[in-house]
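# Examination of the molecular architecture
The chain contents come next:
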Amino acid sequence: MLSASILLQALSSENAPTSSLADLCDLQAPVITMGGNLQNPEFGDGSFWPVLENGLLIGTIDASALLEQAGRWHQTVREYENLIADAYNPIITIDTNNRIKIFNQAAEKLLYLSSDSVCGQVITDVIEVSRLPEVIETGQTQSTQKVTIGGKVFVSNRAPVYRNGQLSGAIAILQEISELESVSQELEYVRQLNTQMDAIIESSFDGLYITDGFGYTLRVNKGFERITGIPAHEHIGRNMADLVEAGFYSRSATLLALEERKTITIPLDTQTGKTLLVTSNPIFDEDGEISLVVNNVRDLTELNQLQRRLEQAEGLSRLYESELKHLKVSSSGQFIVRSIRMEELLKLAIRLGDVDSTVLITGESGVGKDMIADQIHASSMRHKRPIVKLNCGAIPGSLLESELFGYEPGAFTGASVAGKTGLFEAASGSTLFLDEIGEMPASLQVKLLRVLEERRVRRIGGTASVPVDVRILAGTNRDLIAMVETRQFRKDLYYRLNVVPLHVPPLRERRDDIAALTEYFLHRYNNRYGLKKRLTADVIEIFLDYHWPGNVRELENLVERLVVTTQAEIISVGELPIMNGIKIGSSVIKPLKTMVEEVEKALLVSALEQCRSTYAVARALQVNQSTIVRKLARYGLKTSSSIKGLTC
């Protein structure tokens, strides 16, 4: 095809050139021909050019028309060149020798190269990764190929260029898609997020019901369908007001939330007979308008059933825990119980460990009140700290106050220069067992009452009170009610201590325990002293008939005495000592004076085993303390013979 530049050069020359028919046809210009053998035609002003074929004039062409069309071609070419140069997308073309022909401004900016410096160069010398040479080789179009250039992502479309049916080169047009890639990634993230949100919403056991800011239903989850029994398609797109009017629900939490513009929680009924607890949460947009309402729905029927099951499970758990504690106590050997009364008492003591109430433990001397106190403490949350015990009858009243409350340095004559911490402070966070509380002086009862009510203690000689966290257990073998009536014990303190009364029965009222206790004590002392003593059946029968005024403590002391004093391996009735003036199983007659002395001595020995001081022995035997001292000297008995830990 004749180029526009050659054509324009020919047209601008002084003598218009002639062209062959083939060239003219290639130009696709309007041609006017004249047939015949024209030798010397006159062409007037030169507006017509001759057309020759083998030196012969075969026609003419309108030069003015050709010139006009050439001008239009020239303008079109310039427009195309400007279009390519100013195109937003990088455009690169090469010829069949892989040399760059066009390198527009966008390509210059992308690769930081000028068109003048690269045009005419082989494309792979400029862009090593270019695949335009492949297009020249194959003549095939390569569309939508993703490439990365200069850290940016492009889509490259590469195609061959044909002229007159012949391959004349190749063109590559690049489209940057970095932003599209970013948007695509964001869309993928949103898609994944939506998938996760869908999974969360559908996996919720509670019902979820979502409406727009006008109360129209957007979505319900499977949990809501399960709870209400109403399929989702009966809700989607419908307004809550319409659903209430249609009888689906007795009322709507959504409408209340929209009206009051705050979170609303209400119960409501459904047409399927379910009672629901619905919490509606309005969600506000940037303009402060409600865009969504998210409803959380729970089945109150299920909740009530679960609550009852939970209460049953907790009750069983407490029962099993109590039984386990009881089994643990029973297997430990600390308590030997066979009687029903003691079984119930032990279970009650274990249950009292679950609370912090004050307990008043009553019972005769020797029944094991301190062991019951130990069990209550061991079953409580305070068991990690040791229980603190005080026998109120074993300490003079003048010293009892300082033992309980402590004192500041120099509080009184003989006081330690470092002061002293009282038992209330020492037992803070634990349990304080006040045994023989009936022996506490009246003046001290007032101070004890104040501590129990205020839960604060002030040391002797101090000015500041200290808070204490102490659980109080009290024990006594005296009739406190009678003492209250005779004003020996404060009524208000009695009721303050008697929150939970617990009475330990004497051994004579639980004879089922006697044989088991006897066997237990016999085994204990045989192991302690490396012996193998046994008791005859007659001895056990006598034990069962005996009234045991000293209770378990007396039984334990008697078994130990028989184990260590008898020579025979089998202990028979004849080995039994006098107990409370009676020679059990013996019919030997002795002089009255001898019998009186034996009984008196036995009484003193028994009293010393149960009491810590001669004052306590005198009170128990109801005689003067001086009489006790004199008789102890007469029989060669000493107060130190009392067994540690036993009190009267």
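This text gives an overview of the structure that appears in the document. (Residues numbered from 1 in each chain as written. Predicted model: local features only at pLDDT ≥ 70, side-chain atom pairs only at ≥ 80, totals over all residues. Heavy atoms only, no water.)

## Some thoughts on empty space enclosed by the protein
Per the counting criterion, the structure on display carries two cavities of 30 Å³ or more. Roughly 100 Å³ of internal volume is contained in the largest cavity. Around the largest cavity sit 13 residues that line it, and Phe224, Met240, Tyr249, Leu268 and Val278 are the ones nearest its centre. Elements that contribute at least two residues to the lining of the largest cavity include exactly α11 (253-260), β11 (275-284) and β12 (290-299). A class-by-class count of the residues in the lining of the largest cavity yields nine nonpolar, three polar and one charged. (1 Å grid on protein atoms, 1.4 Å probe; cavity = no way out; pocket = protein on both sides within 12 Å on 5 of 7 lines; lining within 4 Å. Points joined across faces, edges and corners; volume = space filled by probe spheres on them. Helix = DSSP H or I, 4+ residues; strand = E, 2+ residues; numbered from the N terminus. Nonpolar A, V, L, I, M, F, W, Y, C, P; charged D, E, K, R; others polar.)

## Considering the sheet that holds strand β17 (residues 431-435)
What the five strands build is an open sheet, ordered β14-β17-β20-β13-β21; its pairing is parallel. Because the sheet does not close on itself, it has two edges, and the strands there are β14 (388-391) and β21 (500-503). For this sheet, the mean angle separating the axes of adjacent strands, direction not counted, is 20 degrees. Two strands pair when backbone bridges link them, and strand β13 (residues 359-362) and strand β20 (residues 471-476) are joined in this way by four bridges, in the parallel orientation. The partner of isoleucine 361 across the bridge, within β20, is glycine 475. Of the strands in this sheet, β13, β14, β17, β20 and β21 touch helix α14 (residues 369-378), which is tilted by about 150 degrees from β13. (Pairing = 2+ DSSP bridges. Axes fitted to C-alpha atoms, helices over the stretch in contact; angles between N-to-C directions. Contact = heavy atoms within 4.5 Å.)

## Quick look at the pairing of strand β9 (residues 217-220)
Across three bridges, strand β8 (residues 207-212) lies against β9 in antiparallel orientation. Across the sheet, tyrosine 209 pairs through a bridge with valine 220, a residue of β9. What sits between the antiparallel neighbours β8 and β9 is a turn of four residues, in which glycine 215 has the positive phi angle 90 degrees.

## Description of the pairing of β13
Across four bridges, β13 lies against β21 in parallel orientation. From the neighbouring strand, valine 359 faces β21, where its bridge partner is valine 500.

## With respect to the nonpolar core
With 31 residues, the main nonpolar core has Leu404, Phe424, Leu432, Leu434, Ile437 and Phe489 as its most contacted residues. Breaking this core down by element, the ones donating at least two residues are β14, α15 (397-405), α16 (423-426), β17, α17 (442-454), β20, α18 (480-485) and α19 (491-497). Each residue touching phenylalanine 424, except ones within four places of it in the same chain, is listed here: Leu404, Phe405, Leu432, Leu448, Val451, Val457, Val468, Val470 and Ile472. Core analysis: the second largest hydrophobic core is formed by 23 residues, Leu522, Ile542, Leu555 and Leu562 among them. (Core = buried A, V, L, I, M, F, W, Y, C linked by side-chain atoms within 4.5 Å. Buried < 20%, exposed > 50% of the residue type's maximum accessible area, 1.4 Å probe, protein only.)

## Brief notes about the packing of aromatic side chains
Across all of its chains, the model carries nine aromatic pairs by this definition. Arranged with centres 6.5 Å apart and planes meeting at 55 degrees, the rings of phenylalanine 224 and tyrosine 249 form a pair that is tilted. Remark: tyrosine 249 occurs in the loop between α10 (240-245) and α11 and phenylalanine 224 occurs in helix α9 (residues 222-228); sequence separation between them is 25 residues. Phenylalanine 224 gets classed as buried once you look at its relative accessible area, which sits at 3%. One aromatic cluster is present, formed by Tyr209, Phe224, Phe248 and Tyr249 through successive ring pairs. (Phe/Tyr/Trp six-rings, centres within 6.5 Å; stacked < 30°, edge-to-face > 60°.)

## Comments concerning the pattern of salt bridges
Inspection of the entire model under this criterion finds 18 salt bridges. As a salt-bridge pair, glutamate 439 and arginine 619 come within 4.0 Å of each other at their nearest N and O atoms. Of this pair, glutamate 439 sits in the loop between β17 and α17 while arginine 619 sits in helix α24 (residues 614-621), and the two are 180 residues apart along the sequence. Assessed through its relative accessible area of 47%, arginine 619 is described here as partly exposed. (Salt bridge = Lys/Arg side-chain N within 4 Å of Asp/Glu carboxyl O.)

## What to know about the packing of helix α20 (residues 512-529) against helix α22 (residues 551-565)
For the pair α20 and α22, the least separation of the axes is 9 Å and the interaxial angle reads 45 degrees. Put simply, α20 runs oblique to α22. Seen along the crossing, α20 lies across α22 with a hand that is right-handed. Taken together, the residues of α22 that come into contact with α20 (itself represented by Ile514, Leu517, Thr518, Phe521, Leu522, Arg524, Tyr525, Asn526, Arg528 and Tyr529) are Val552, Leu555, Glu556, Val559, Glu560, Val563 and Val564. (Parallel < 35°, antiparallel > 145°, perpendicular 65-115°, else oblique. Left-handed = near helix turned anticlockwise from the far one by under 90°.)

## A short note on the sheet that holds β9
Read from one edge to the other, the open sheet built from five strands follows the order β9-β8-β12-β11-β10, with strand pairing classed as antiparallel. Looking at which strands have only one partner, the edges of the open sheet turn out to be β9 and β10 (264-269). Ignoring which end each strand starts from, the neighbouring axes of this sheet average 25 degrees apart. Bridge count for β10 against β11 is six bridges, and the pairing is antiparallel. Considered in β11, the bridge of aspartate 269 is made with threonine 275. Contacting β8, β10, β11 and β12, α11 crosses the sheet at an angle of about 150 degrees to β10.

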